[in-house]
Amino acid sequence: MAPEHVDYPNSTRYEQSSNNYFTQQQRGFRPACYVRPHNATEVSVIMKILVQNNATFNVKSGGFSRFAGASSINGGVLIDLSRMNSIKTVMDGSSTMVGPAARYYDIYRIWDDTEYVGFAPKNSDLTVAGYVLGCGFSFIPHNAGFACDDVFNFEVVSAKGEILRVNRREHKELFSAIRGGGGSSFGIITRFHIARFSCKKAWWQHLLFPASMNEDLMKVYAHMAKKVLGYDLTSHSFLMSTYSEFHGDYVTEVHLVTEGIDTEHHHHMPALAKPFQLLPGALRNITEANGEANFTTTFSEPAGFRRSAWSTSVGVDRPKFLAEILSNWQALDKKLKNLPNQKGFRSELEFQPVSERLLWNTQRSRHNALRLPASMGPMIFVLLSVQWADSAFDDIMDAECKRFIDQIDETAKIIDQYCGFIHMNYAHPSQDFWGRLSPKSYDRLMATAKKYDPDRALNRLWRGYFKFDEIEG
Ligand SMILES: Cc1cc2nc3c(=O)[nH]c(=O)nc-3n(C[C@H](O)[C@H](O)[C@H](O)COP(=O)(O)OP(=O)(O)OC[C@H]3O[C@@H](n4cnc5c(N)ncnc54)[C@H](O)[C@@H]3O)c2cc1C
């Protein structure tokens, strides 16, 4: 590799790179150097050198992971894949090939000019690698599975530095492992080939309700999550609870999305939207036909804060319990916001429904690291995100958020609404993601890692997050 591809401390590019992480926790780390490959061949050379020299390293695609050391490192080598951000659509438009650091906004801009979409996040600042490898939850309908299930071909650089084509026929155990098994355990992914499906412009409805309506709202939301999303495969929804400065109170946003209807000629409201329209008292009620690029920019969040996220999952049979979770979150938000000298604080609670059908689809392909049984659905992923400015509050943030999530789990167990799955992309490092998988899924991942990395070099040398095995030594 040419020397200009490696940046050492005190150079301008090195200092710029340290600030190129989403959270303050990640920015605090100082690698020995940043190395910036352009392609899989260069990644392979780097991998061989690092493994031969027993050198610790970490890999960064977008640097959006929130916690310290997730894609940063102190003292070791940081492989920064930011140059590998190409986006190529195949001739017939049915799939897109992207580099690990391709940004979703740029991908959406291309997709929006066609009649195809693929699975992607609601915040279009994100890049592909970490999002997909951590399973990837999308606002796009339930007819395929998670975002990882929609990638049908990967290019992977293994611990030995081999460049592998990985799909359902070639290296199929590895194919399953990286679909949801996280980064940093199996190899560096240098290309993702994403399937797309045909769709006219998406139909969106954005509703905003005062939090005082949460009990009624949760009856409608739980019914939609349990029944409607089970058969309406072209729709999806997510819900976010926040404090609105504008309204001076807590509010609950409901977003409804339907793909696949011709929005220019179809004037009927999709079935999932009707019950929400019957609820009086919405503070906002907007319907639009729009492309993903425009819509997703509204979910951008500022970089440079301290942040953490926590996740759990619950059943949908008890709307009152869902309303109670929202009200407990308000109490948490008030408590943390009002701590003396607190600055820049913001928190948000999100519900992402997961239908039985979605899980059944991930099972059907039999190539997914998680292998969640369809019987776990329908459920709701409960995702807590917190933002603050001062490291003096780190411990109290962790303690209070943990208490909040533990309380959800405890109550859910008592009322038979506990699902137990943790969504890796929103998990806190103290949460036992792997312990919640079935032993069979875990053993399968272990066998795959041993097959592709018999010396367990990646286990020993790659820092990073949610490695499926403890770092030995
Ligand atoms: C504001 C915000 C909104 C979000 N919204 C969503 C959402 O809607 N849905 C959702 O599912 N998630 C969401 N997330 C979570 C996000 O998907 C994860 O934080 C993800 O890990 C970020 O991806 P990244 O490419 O920036 O990863 P990085 O931080 O660069 O890396 C994450 C991990 O993956 C490893 N890694 C990086 N690149 C590679 C590679 N090419 N090959 C192998 N391993 C690699 C790293 O070593 C590290 O361990 C959101 C996060 C934020 C901050």
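Here the structure is a predicted model, which means the values were calculated and not measured. Position labels on residues start from 1 in each chain and follow its written sequence. Only residues with pLDDT of at least 70 get local features here, since the model is predicted, and only at 80 or more are side-chain atom pairs given and counted; chain-wide, interface and lining totals rely on the full set of residues.

Chemist: I'd like to hear about the sheet that holds strand β17 (residues 346-354), residue by residue, with values.
Modeler: For two strands to count as paired, DSSP must find a minimum of two bridges between them. Counting from the N terminus, the helices are the DSSP runs of H or I reaching at least four residues and the strands are the DSSP runs of E reaching at least two. Pairing is antiparallel in the open sheet, where seven strands are placed in the order β15-β12-β14-β13-β17-β18-β16. Each having just a single partner strand, β15 (284-290) and β16 (306-315) make up the two edges of the open sheet. Neighbouring strand axes in the sheet, compared pairwise and without regard to direction, differ in orientation by 15° on average. Here seven bridges tie strand β12 (residues 202-210) to β15, and the two strands are oriented antiparallel to one another. By the bridge assignment for β15, W203 is matched with A289. Any pair of residues counts as being in contact when their C-beta atoms, constructed from backbone geometry, are within 7 Å of one another. Only the stretch in contact is used when a helix axis is fitted, and all axes are lines through C-alpha atoms; the angle between N-to-C directions ranges over 0 to 180 degrees. Across the sheet, helix α12 (residues 394-414) lies against β16 and β18 (379-388), angled at about 5° from β16, the strand it touches most.

Chemist: Report on the domain arrangement of the protein chain, specifying residues and quantitative values.
Modeler: Accessible area lost upon the coming together of the parts is a frequently used measure of interface size. The split of the chain into domains comes from an automatic or database domain assignment. Per the domain assignment, the segments making up the protein chain are domain 1 (3-80), domain 2 (87-198) and domain 3 (202-433). Relative to domain 3, the C-alpha centre of domain 1 lies at a distance of 33 Å. Listed as interface residues are six residues of domain 1 and, on the opposing side, eight residues of domain 3.

Chemist: An account of the site of the ligand is requested, with residue identities and associated values reported.
Modeler: Nearness between a residue and a molecule or strand is assessed with a C-beta atom placed from the backbone; a distance within 6 Å qualifies. Taken together, 34 residues are adjacent to the ligand, and G62, F64, G130, G183 and G464 come closest. Contributions of two or more residues to the shell around the ligand are made by β3 (57-60), α5 (128-133) and β10 (188-195). If you tally residues by element for the shell around the ligand, the top one is α5, at four residues. Each residue is assigned to one class: nonpolar for Ala, Val, Leu, Ile, Met, Phe, Trp, Tyr, Cys and Pro, charged for Asp, Glu, Lys and Arg, and polar for all the others, Gly among them. Split into classes, the residues belonging to the shell around the ligand amount to 15 nonpolar, 15 polar and four charged.

Chemist: Go over the pairing of β18 with me, naming the residues and quoting the values.
Modeler: Among the ten residues of β18, nine are classified as buried, and the element is accordingly described as predominantly covered. Pairing of β16 with β18 involves ten bridges; the strand directions are antiparallel. Note that in β18 the partner of R306 across the bridge is W388. Pairing geometry for β17 and β18, over nine bridges, is antiparallel. Paired with L349 across the strands is L384, a residue of β18. Put simply, a residue is buried when 20 or more other C-beta atoms lie within 10 Å of its own C-beta and exposed when 12 or fewer do; between those, it is partly exposed, and each C-beta is set from the backbone.

Chemist: Now, about unusual backbone geometry: what can you tell me, with residues and values included?
Modeler: The residue after G377, namely P378, is reached through a cis peptide bond having omega -10°. Relative to the elements of secondary structure, P378 occurs in the loop between α11 (356-365) and β18. Residue R371 is not a glycine yet carries a positive backbone phi of 45°. When you line up the elements, R371 lands in the loop between α11 and β18. Here R371 falls in the partly exposed class, since 17 other C-beta atoms lie within 10 Å of it. With phi around 60°, D416 is a residue other than glycine that occupies positive phi space. Counting through the fold element by element, D416 comes out in the loop between α12 and α13 (439-452). Exposure remark for D416: the 9 C-beta atoms within 10 Å place this residue in the exposed category.

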